[in-house]
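# Structural description and commentary
Residues per chain, in single letters:
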Amino acid sequence: MYVVKSPLSDADLKTVSEALQGALVDLVDLSLVAKQVHWNVVGPRFRSVHLQLDEVVDTARQHSDTVAERASTLGVPPDGRAKTVAASSGIGAVSDGWVKDTDAVGTLVEALGAVITRMRERIEATGEADPVSQDIFIGITADLEKHHWMFQAENRG
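Residues numbered from 1 in each chain as written. Predicted model: local features only at pLDDT ≥ 70, side-chain atom pairs only at ≥ 80, totals over all residues. Heavy atoms only, no water.

Attention now moves to the pattern of salt bridges. Within the structure shown, the criterion is met by 9 salt bridges. Among the ionic pairs, Glu-18 bridges to Lys-14, the shortest N-O distance being 2.5 Å. You can see Glu-18 and its partner Lys-14 sitting in helix H1 (residues 10-40), 4 residues apart, about one turn around the helix. On the basis of relative accessibility, which here comes to 48%, the residue Glu-18 falls in the partly exposed class. Exposure remark for Lys-14: the relative accessible area of 51% places this residue in the exposed category. Linking Glu-145 and Arg-120 is a salt bridge whose minimum nitrogen-to-oxygen distance equals 2.8 Å. Separated by 25 residues along the polypeptide, Glu-145 in helix H5 (residues 131-154) and Arg-120 in helix H4 (residues 101-126) bring together distant segments of the chain. When salt bridges with common partners are traced through the structure, they connect Asp-26, Arg-118 and Arg-122 into a single cluster. (Salt bridge = Lys/Arg side-chain N within 4 Å of Asp/Glu carboxyl O. Helix = DSSP H or I, 4+ residues; strand = E, 2+ residues; numbered from the N terminus. Buried < 20%, exposed > 50% of the residue type's maximum accessible area, 1.4 Å probe, protein only.)

A separate point is the nonpolar core. Ranked by internal contacts, the top residues of the largest apolar core, which has 43 residues, are Leu-30, Leu-108 and Leu-144. Sorting elements by how many residues they give to this core places H1 first, with 13 residues. Setting aside anything within four residues of it in sequence, one finds Leu-108 in contact with Leu-30, Ala-34, Val-37, Leu-53, Val-56 and Phe-151. (Core = buried A, V, L, I, M, F, W, Y, C linked by side-chain atoms within 4.5 Å. Contact = heavy atoms within 4.5 Å.)

This part covers the packing of H1 against H5. Each pair of packed helices can be summarised by the angle the axes make with each other and by the distance between the axes. At a closest axis distance of 11 Å, the pairing of H1 and H5 adopts a crossing angle of 25°. The orientation of H1 with respect to H5, classified from their angle, is roughly parallel. The two elements H1 and H5 meet at a crossing, and its hand is left-handed. Contacts between H1 and H5 involve Val-16, Ala-19, Leu-20, Ala-23, Leu-27 and Leu-30 on the former and, on the latter, Ser-133, Phe-137, Ile-140 and Leu-144. When grouped by side-chain class, the residues that make up the contact of H1 with H5 number 9 nonpolar, 1 polar and no charged. (Axes fitted to C-alpha atoms, helices over the stretch in contact; angles between N-to-C directions. Parallel < 35°, antiparallel > 145°, perpendicular 65-115°, else oblique. Left-handed = near helix turned anticlockwise from the far one by under 90°. Nonpolar A, V, L, I, M, F, W, Y, C, P; charged D, E, K, R; others polar.)

Moving on, we come to the packing of helix H2 (residues 46-73) against H4. In the contact formed by H2 and H4, the axes pass within 10 Å of each other and the chain directions differ by 20°. Considering their axes alone, H2 and H4 lie roughly parallel with respect to each other. Here the hand of the crossing between H2 and H4 comes out left-handed. Along its contact with H2, which presents Phe-46, Val-49, Leu-53 and Val-56, the element H4 presents Asp-101, Ala-104, Val-105, Leu-108 and Leu-112. Here the residues of the contact of H2 with H4 are counted per class, giving 8 nonpolar, no polar and 1 charged.

Written out as structure tokens, the structure is:
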């Protein structure tokens, strides 16, 4: 039973729904990772890293809502539950406890890199199937790549 009938073919809908669900999971986890590090960062650059982490959280949360609503628009129920995120995120585990500012930056470089790699795969996968969803993935990737660049620049020099 469809609650909302997608204009996409069944094959295209399968491709797009998998891409949207994967993006949702990665974005939810990215927001959680960034917030966890945000609460635990320490060191001489505490304030700047602390604030920069919240920018990533805001970006990830905004885009996760866009992705979830796109899935709903296509008749696919999004799943952002904790167990789903834990089981299928592309981001590695984050250590508990205090995080030195340089390690916090490194953690975000890795997390953002993992999500960007998977977003670029989704851009490729959805080009033919649904250019609208592809456009969403392109915008997300651009925003995440900007954060990635800024965090990389933090530990150089």
